[in-house]
2 protein chains.
Amino acid sequence: MAVTIKDVAKKAGVNASTVSRVIKDSSEISDKTKAKVRKAMQDLGYRRNAAAQILASGKTNTIGVVFPPVSDKASQPFFMKILTSINETARDYNVSVAIATGHSTKELKKQVELQYSEKRVDGFIILYAGKRDEIRDYLLENDIPFVLVGTPSERQNEITHVDNDNMLLGREAVRHLAELQHQKIAFVTDTTEGEVYEERYQGFKDEMNRLGLTKRLIFFNKDFMLEDETALVAMDDVLALKVVERLSEIGLKVPDDVSMITYNNSIFASILHPYLTTFDIHIEQLGAAAVKKFLDLSNDKNFLPEKTIIPFELILRESTKIKK
Amino acid sequence: MAVTIKDVAKKAGVNASTVSRVIKDSSEISDKTKAKVRKAMQDLGYRRNAAAQILASGKTNTIGVVFPPVSDKASQPFFMKILTSINETARDYNVSVAIATGHSTKELKKQVELQYSEKRVDGFIILYAGKRDEIRDYLLENDIPFVLVGTPSERQNEITHVDNDNMLLGREAVRHLAELQHQKIAFVTDTTEGEVYEERYQGFKDEMNRLGLTKRLIFFNKDFMLEDETALVAMDDVLALKVVERLSEIGLKVPDDVSMITYNNSIFASILHPYLTTFDIHIEQLGAAAVKKFLDLSNDKNFLPEKTIIPFELILRESTKIKK
DNA sequence: CTGAAAGCGCTTACAG
DNA sequence: CTGAAAGCGCTTACAG
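Reading the values: the criteria
Starting afresh in each chain, residues are numbered from 1 along the sequence in its written order. Numbering of ligands from 1 and lettering of chains from A proceed in the order in which they are written. With the structure being a predicted model, the display of local features is reserved for residues of pLDDT at least 70 and the display and counting of side-chain atom pairs for 80 or more, all residues being used for whole-chain, interface and lining totals. Remark: hydrogens and water are excluded; side-chain values derive from all non-hydrogen atoms of the structure. A helix here means a DSSP run of H or I that spans at least four residues, while a strand means a run of E at least two residues long, and both kinds are numbered starting from the N terminus. One heavy atom suffices: a residue is near a molecule or strand as soon as one of its heavy atoms comes within 4 Å of it. Distance and chemistry together define a polar contact, namely a pair of N or O atoms within 3.5 Å, with one atom able to donate a hydrogen and the other to accept it when in protein, and with adjacent residues in sequence counting only for side-chain atoms on both sides. Residues are grouped as follows: nonpolar covers Ala, Val, Leu, Ile, Met, Phe, Trp, Tyr, Cys and Pro; charged covers Asp, Glu, Lys and Arg; every other residue, Gly included, is treated as polar. For Phe, Tyr and Trp, where Trp contributes only its six-membered ring, two rings pair if their centres lie within 6.5 Å, and the inter-plane angle classes them as stacked under 30 degrees, edge-to-face over 60, or tilted in between. Classification of residues uses two cut-offs on accessible area relative to the type maximum, computed with a 1.4 Å probe and protein chains only: under 20% is buried, over 50% is exposed, and between them is partly exposed. A ring is considered to have a charge above it if a Lys NZ or an Arg CZ atom is located within 6 Å of its centre and within 35 degrees of its normal.

Going by what an unreviewed UniProt entry lists, chain A is known as LacI family transcriptional regulator and is assigned to Lactococcus allomyrinae.

Rendered as structure tokens:
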């Protein structure tokens, strides 16, 4: 059988409750006793029993990570990356991670409810934002701690979330292109939904106006054309790849004829030439911050919702160039 | 407070032990009593407490999923896809999933050991195969149940694993190209390590020999050249993309000048034209089978190691064509 | 077919 | 600073 707290207690000549206190490094216990107990734990190879601890303390010390209810999450490196980061940060704080996936919101909600009601998790980190859905409503109503990665479009003041500054991201793309002398710039997107799009595009427009440049919004489809733009801002790496392909079809080369800047710095940005100039959104930091905020919020009943902004970084590669 | 087994017992007018038996649908309990107890559970909204169940039963009903100790796992859609499939299959069997990630084998092993020794998991599904490592050794030595996704290069007879038939996958690629009249075919790879490479390449060679065709192995680098091959087999979608790019540099078009077939059917196979003819390796099935085998093996002390072969499917797209 | 009791391995007031 | 005791919510021999 595995060694328990009692075995340790006996070996160290103390009571089990003392061992328990040593485990949580309680300040009540004298250093001398702590040392003695720790030695016994070492010698015996003691490992706590997670289930017993959870049952007795009522705290699971595990976070449920909720993936979006879509089937293409595998194609977005974002999710695996942030999961890794969340898991590793969590481990540093001695907490575990459970995951909730599903093809529909309904399925997903069932899993979320189950995890919480069976007391498997203390709360959740949700990996998608945008409009409210049943899950967020359920968590809010029941006062279940959670952190959102991204920016919710409703009740922002009641939800702790971590995100990049997408407005600024829109602006900075323009700044970079403007520095390269470009004056006619279009924003290319394949979606017109979601906070990410709205904010990046808003930032784009603001900065373009501020600089008095000529702007346009292009909704991507396979036969879109350019007017006289010399530079483009694309919503993400994958879209950018498709845009490069389309441009080449109509005889335009990136970056010689058209500069292009995009977002995410995923693998897609550097498989094919031209490697893309893109903003790295620091996914590891997003994940780490989400965990920390979750811990803050679940440990402090008086914690007030807040937004954490994670910095980004421009990765200069081959797709942007000074206007000829 | 949450409703417990006792509350249900009281409401149904039975003993707590009876409720427990009803939960596991024990055949010892009469249908009448079951109905009565179930009604009480319904009325009260009873949910089991996972920790209590684990502590009392000694079974965690959770599987640890071990990711490879590399940092680019996010770029391979495989991992997120199989994780989703594992999680969803597990849920159908009422088991949970924990994950272990790490940048080095050492870190990873620590996490694996911890999860097992703290009794958080009953065993593991390992998402990478190839050569043995400390983790596999540790599991084997300690008789900890696990299933491998992929084919181990050592002790195959002692390890339950699920995989595609990579040899056949090599052969079938040749068959498809041969049917299209190609006679000079090269196998392109950017790695010469691992079972996957070895088996696919072996299958390729065998079939080429059988058909008496002219074969070659090309190690991919950015300035590789073709001799007189008219068709290629590439190790995976991403590599294939790079090969297409290189071919276009030297004036060769896929599929007009060169046909190309590849593996995985990931997102990379259908972002840019030519969309790639590729083998879908049925990742969902790999994940589902891994879970089922794990359950078989962890529930039956006499279970003998076995290999499960998951079928694949040729996805015809734009990159292969009859030889002109 | 069902109940009473012990036990799983911890935590945490309470007392001193 | 430490101990003794009760309790967390289940499961599972044992008995009838």
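Here we take up unusual backbone geometry. Look at the link from A:His273 to A:Pro274: it is a cis peptide, with omega at -5°. At the junction of B:Val254 and B:Pro255, the peptide bond is cis and its omega measures out at 5° in the coordinates. Note on placement: B:Pro255 falls in the loop between helix 10 (237-249) and strand 9 (259-264). We note that A:Lys119 has phi near 60°; this positive angle belongs to a residue other than glycine. Along the polypeptide, A:Lys119 turns up in the loop between helix 6 (105-117) and strand 3 (123-126).

Attention shifts here to the protein's contact with DNA strand D. Contacts to DNA strand D come from 26 residues, most closely from A:Thr18, A:Arg21, A:Thr33, B:Ser20 and B:Arg21. Here, DNA strand D places atoms within 4 Å of the protein, and 65% of those atoms are sugar or phosphate. B:Lys24 has a polar side-chain atom sitting 2.8 Å from a phosphate oxygen of DNA strand D. A distance of 3.4 Å separates a phosphate oxygen of DNA strand D from a polar backbone atom of B:Asn49. The greatest single-element share of the surface near DNA strand D, amounting to four residues, is contributed by helix 4 (residues 50-57) of chain B. Per-class residue counts for the surface near DNA strand D are eight nonpolar, twelve polar and six charged.

To continue, consider the packing of aromatic side chains. If you walk through the whole model with that rule in mind, you get 21 aromatic pairs over all chains. On the basis of an interplanar angle of 20° and a centroid distance of 5.4 Å, the ring pair of B:Tyr263 and B:Phe279 is categorised as stacked. In this pair, B:Tyr263 is assigned in strand 9 and B:Phe279 in strand 10 (residues 277-280), connecting sequence segments 16 residues apart. Note on B:Tyr263: relative accessible area 0%, which makes it buried. Residue classification places B:Phe279 among the buried positions, given a relative accessible area of 2%. Through successive ring pairs, a cluster of aromatic residues spans A:Phe187, A:Tyr197, A:Tyr201 and A:Phe204. Lying across the ring of A:Tyr263, A:Arg200 places its NZ or CZ 4.2 Å from the centre.

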